[in-house]
Amino acid sequence: MTLPHSRIVGTGSYLPPRVLTNDDLVRQLAGRGIESSDEWIVERTGIRQRHIADEGVASSQLAIEAARRALESAGLAPADIDLIIVATSTPDFVFPSTACLVQKALGAPGGAAFDVQAVCSGFAYAAAVADSMIRTGLAHRALVIGAEVFSRILDWNDRGTCVLFGDGAGAIVLAADERPGVLAARLHADGRHESILRTAGHVAGGSITGYPFLTMDGQAVFKLAVSVLDSVARETMAACGLTVNDIDWLIPHQANVRIMQATARRLGVPADKVIVTVDLHANTSAASIPLALDVAVRDGRIRPGQRVLMEGVGGGFTWGAVLVQM
Ligand code: UT7
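Now for a look at the structure at hand.

Cut-off values and rules
- Residues numbered from 1 in each chain as written.
- Predicted model: local features only at pLDDT ≥ 70, side-chain atom pairs only at ≥ 80, totals over all residues.
- Heavy atoms only, no water.
- Pairing = 2+ DSSP bridges.
- Helix = DSSP H or I, 4+ residues; strand = E, 2+ residues; numbered from the N terminus.
- Axes fitted to C-alpha atoms, helices over the stretch in contact; angles between N-to-C directions.
- Contact = heavy atoms within 4.5 Å.
- Parallel < 35°, antiparallel > 145°, perpendicular 65-115°, else oblique.
- Left-handed = near helix turned anticlockwise from the far one by under 90°.
- Nonpolar A, V, L, I, M, F, W, Y, C, P; charged D, E, K, R; others polar.
- Near = heavy atom within 4 Å.
- Polar contact = N/O pair within 3.5 Å; in protein donor to acceptor, adjacent residues only side chain to side chain.
- Areas by Shrake-Rupley, 256 points an atom, 1.4 Å probe, with all protein chains shown as cover.

Ordered by their spatial adjacency, four strands build an open sheet running E8-E15-E14-E13, and the pairing between neighbours is mixed. Taken across any chain shown, the strands that pair with only one partner, and hence form the sheet edges, are strand E8 (182-189) and strand E13 (249-252). Here the strands of the sheet are splayed against their neighbours by 10° on average, with no regard to which way each runs. Of the strand pairs in this sheet, E8 and strand E15 (residues 318-325) are connected by seven bridges, and their pairing is antiparallel. Its bridge partner being in E15, Ala 184 is matched across the sheet by Leu 323. Each of E8, strand E14 (307-314) and E15 touches helix H7 (residues 218-239); the most contacted strand, E14, lies at about 145° to it.

Remark: H7 packs on helix H8 (residues 257-267), axes separated minimally by 9 Å, with the N-to-C direction vectors making an angle of 40°. Between H7 and H8, the angle falls in the class oblique. Classified by chirality, the crossing of H8 by H7 is right-handed. Facing Phe 222, Ala 225, Val 226, Ser 227, Leu 229, Asp 230, Ala 233, Arg 234 and Met 237 of H7, the residues of H8 in contact are Arg 258, Ile 259, Ala 262, Thr 263, Arg 266 and Leu 267. By residue class, the composition of the contact of H7 with H8 is nine nonpolar, two polar and four charged.

Glancing now at the site of the ligand. Residues in close proximity to the ligand total 22 residues, the closest being Ser 36, Arg 44, Gln 219, His 253 and Asn 256. For the ligand, a nitrogen atom lies 2.9 Å from a polar atom in the backbone of Arg 159. When isolated, the ligand has an accessible area of 950 Å², and the protein chains bury 72% of it. Of all elements in the fold, only helix H2 (38-45), helix H6 (159-162), H7 and H8 reach the threshold of two or more residues within the shell around the ligand.

Sheet strands pair via backbone hydrogen bonds, and the direction of the pair is either parallel or antiparallel. Here five strands make up an open sheet; going across it, the order is E1-E7-E6-E4-E5 and the pairing mixed. Strands with a single pairing partner mark the edges of an open sheet, and in this sheet they are strand E1 (5-14) and strand E5 (112-116). Ignoring strand direction, the axes of neighbouring strands in this sheet form an average angle of 20°. In the sheet, strand E6 (residues 141-149) pairs with strand E7 (residues 167-177) via nine bridges, with the strands oriented antiparallel. Counted as the bridge partner of Val 144 is Ile 172 from E7. Each of strand E4 (83-87), E5 and E6 is contacted by helix H4 (residues 98-106), which is oriented at about 130° to E4, the strand it contacts most. Across the face of the sheet, helix H10 (residues 288-298) comes into contact with E1, E6 and E7 while running at roughly 90° to E1.

Let's shift gears to the packing of helix H1 (residues 22-31) against H2. Close contact between H1 and H2 brings their axes to 9 Å; oriented N to C, the two are set at 125°. Taken together, the axes of H1 and H2 are oblique relative to one another. Between H1 and H2 lies a crossing whose hand is right-handed. The segment H1 lies against H2, with Asn 22, Asp 23 and Val 26 engaging Asp 38, Ile 41 and Val 42. Along the lines of polarity and charge, the residues of the contact of H1 with H2 split into three nonpolar, one polar and two charged.

Shown next as structure tokens:
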């Protein structure tokens, strides 16, 4: 039976245990003759630490842990899932998809499984796709996961980027329901800005061709991010006839606390309604929104019935928002 809506019925997340504080990282950089400081990183980004996956630990392993926790909180078994979407820009392999590896590990064969690559907007894209598939009857219960090991694509000698990112995974279970859960979603991209944030390498002839590390024009990304996070939030609220006063929580992509503060100010959202985890997780790209959602659900801030506006922005250039009633 096709039900009219999809709802979030479970959340989960997983962070690799190894924590790299700003002081640890600054010491490592100093050892290579590169100057930085905890003060600079905190003042410019709000980041205090990040989690880093041990060598050999891949995105799928982080995704599997987050998925298991989301299933447990939903009270569902892997066999109940007929769709797995993993948003990632750091997949285990060129192929098969990380989602197929997650499906194998969970022991839930048969349903659809694929990855979505929209960089830091990946979770918003994946959640919007899963919602559409559930509402059209193509799927009934979906695991939507953001999982990343960005530590693998960082140039640890580039102080302008290596201080910004971390590893982790977050997941939701989205299920068909009579009651509205996902109220609206809006997705956008503007490929003309592809060069301001990219990892422009690929595998060819048995080796990597091009530059395999993340490069970024930080100021260009900053300006564009603040502008599109404002516009897509307004567009998504308007799509379901809501205003900022109807929103209980804002979860912007966790990249930089200054981007989040500027977005909240422009929208007129008070700071205490913004979920912030970037201080502890840094930027985990596609994992950042579901990680922050899970933290705030588990610590009791986000409660059933509340409206949560989640917004992603990142490489591509891509952006998108998903407005849900919990
Ligand atoms: O998912 C989206 C991913 N990306 C983002 O969200 C990034 C968006 N952009 C930003 O968050 C900010 O642009 C940054 C945090 C990356 C940089 O902040 P900023 O205020 O734009 O600084 P800046 O790039 O203008 O750099 C200021 C100075 C420069 O030195 P000079 O040229 O003024 O001498 C940098 O070389 O800070 C220097 N700098 C550092 N100093 C100490 C850059 N990185 C560091 C560092 N430690 N880690």
